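# Structural description and commentary
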Amino acid sequence: MHLKALISLPLALLASACISSVELVQRPIVFEPVIGSEVRSSSETDMSVPFPEDKSFGVWAQDIKSVTPDNSQPEYISDQEITCINGFWTSRSLPLWPATPLTFTAYSPVSLPMTYDGGVLRLEGYESGQEEILFAQSEKGLQASQGAVKLQFQHALTKLDMRIANGYGAGVQVRVDRILLTKVAQKGDFDSSRPKYWT
C-alpha cells in the first residue's frame, strides 16, 4: 500500500508537468485569407472567395504596444512570403506569436515591388497590363488566442464587365465592332491610405 502511494505520486507530478509545458508552448502564426468579390459600387461587402492555394502573398506585422526611438511601431514581420502548406497558410520561417498584440498588412502578388510604412502599402509606377493588385489589413491588436489571422483581400484595380443586350427582338442582328474607353489611366502610384488608392 505504501509502495503504491510512492509510485502514483511521481506519475501525478509528471502528468502535471506535461500539462503546464503544453500550455506554455507558443503558437505558430497562421492565416485565413479570402478575396472580397464585391463590386465597389455595391452595398454588399460580405461576399468572398477562398484565396487560391497555388498563389502566395506578402505580409508585414507591427507590434502595436511597442514604440521605437523614432516614435514608430516596430515591425515584427517584414515582407514575409506566405504560402499554403498542407492546408495551412503560413511560412516555415515565420516567427511564433509574441506576447504583445499585432496588426497585419498583406498584398499579392509578391512579385510587385510593394513598400510598407506604418500600415500603409505603396507601389510607384504601376502600369496597366501587369498583374492584379490585392491588399488586406487585419483587425488591430490580434493575439494568438484569437486563432488564425483573418485577411480579406480587396481589389486595388477596377474591372470592367461589358454586356450587350439586343433590345430589337430576335429578327434583328446586332454586331459590335468595338468598345472605346477614354481617359483611362494607364499608369499610377498605389497608396492604400488614399480613399481611391491611386494618384
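Here we summarise the structure given alongside this text.

Cut-off values and rules
Residues numbered from 1 in each chain as written. Predicted model: local features only at pLDDT ≥ 70, side-chain atom pairs only at ≥ 80, totals over all residues. Heavy atoms only, no water. Helix = DSSP H or I, 4+ residues; strand = E, 2+ residues; numbered from the N terminus. Buried < 20%, exposed > 50% of the residue type's maximum accessible area, 1.4 Å probe, protein only. Areas by Shrake-Rupley, 256 points an atom, 1.4 Å probe, with all protein chains shown as cover. Core = buried A, V, L, I, M, F, W, Y, C linked by side-chain atoms within 4.5 Å. Contact = heavy atoms within 4.5 Å. Pairing = 2+ DSSP bridges. Axes fitted to C-alpha atoms, helices over the stretch in contact; angles between N-to-C directions. Polar contact = N/O pair within 3.5 Å; in protein donor to acceptor, adjacent residues only side chain to side chain.

Within the protein chain, the regular secondary structure consists of one helix and 11 strands. Moving toward the C terminus, one meets the helices and strands of the protein chain in the order α-β-β-β-β-β-β-β-β-β-β-β. Counting over 199 residues, the protein chain shows a buried share of 29%. A total accessible area of about 14000 Å² is found for the protein chain, and carbon and sulfur atoms account for 54% of it.

With that settled, consider the nonpolar core. With 23 residues, the main nonpolar core has Ile29, Phe31, Phe57, Phe104, Leu151 and Phe153 as its most contacted residues. The set of elements that each furnish at least two residues to this core consists of strand E1 (31-36), strand E3 (57-63), strand E4 (75-85), strand E6 (102-108), strand E9 (134-137) and strand E10 (149-155). Residues within four places of leucine 151 in sequence aside, it is in contact with Phe31, Glu32, Pro33, Val34, Phe57, Phe104, Ala106, Ala136, Gln137 and Ser138. Tyr107, Leu112, Phe190 and Tyr197 belong to the second largest nonpolar core, which has 13 residues in total.

Secondary-structure assignment places glycine 58 in strand E3. The class of glycine 58 is buried, set by a relative accessible area of 0%. Separated by 77 residues in the primary sequence, glycine 58 and phenylalanine 135 have C-alpha atoms spaced 9.3 Å apart. Beyond its immediate stretch of four places on either side in the chain, glycine 58 contacts Asp79, Gln80, Glu81, Thr105, Ala106, Tyr107 and Val110.

Turning our attention to the sheet that holds strand E7 (residues 115-117). In any sheet, the strands associate via hydrogen bonds between backbone groups, in a parallel or an antiparallel arrangement. With antiparallel pairing, the three strands of this open sheet are ordered in space as E7-E8-E11. The open sheet is flanked by E7 and strand E11 (187-191), the only strands paired with a single partner. Between one strand axis and the next, the sheet turns by 20 degrees as a mean value, whatever way the strands run. Both strand E8 (residues 120-127) and E11 contribute to a ladder of four bridges, which runs antiparallel. Note on E11: the bridge partner recorded for leucine 123 is phenylalanine 190.

Burial within E6 is extensive, with seven of its seven residues counted as buried. Of the two faces of E6, the one holding Leu102, Phe104, Ala106 and Ser108 and the one holding Thr103, Thr105 and Tyr107 are both buried throughout. As paired elements, E3 and E6 share six bridges and run antiparallel to each other. Paired with glycine 58 across the bridge in E6 is tyrosine 107. Both E6 and E9 contribute to a ladder of four bridges, which runs antiparallel. Within E9, the position partnered with tyrosine 107 by the bridge is phenylalanine 135.

Moving on, we get to the side chain of threonine 105. Mapped onto the elements, threonine 105 comes out in strand E6. Since its relative accessible area comes to 2%, threonine 105 is described here as buried. There is a polar contact of 3.2 Å between the side chain of threonine 105 and the side chain of glutamine 137. Apart from the residues lying within four places of it in its own chain, the contact partners of threonine 105 are Gly58, Val59, Trp60, Tyr116, Gly119, Leu121, Ala136 and Gln137.

Our focus in this paragraph is the environment of threonine 199. Note on placement: threonine 199 falls in the segment after E11. Residues threonine 199 and alanine 185 lie 14 residues apart in sequence; the distance between their C-alpha atoms is 9.6 Å. With sequence-adjacent residues up to four places away left out, threonine 199 is seen in contact with Gly188, Asp189 and Arg194.

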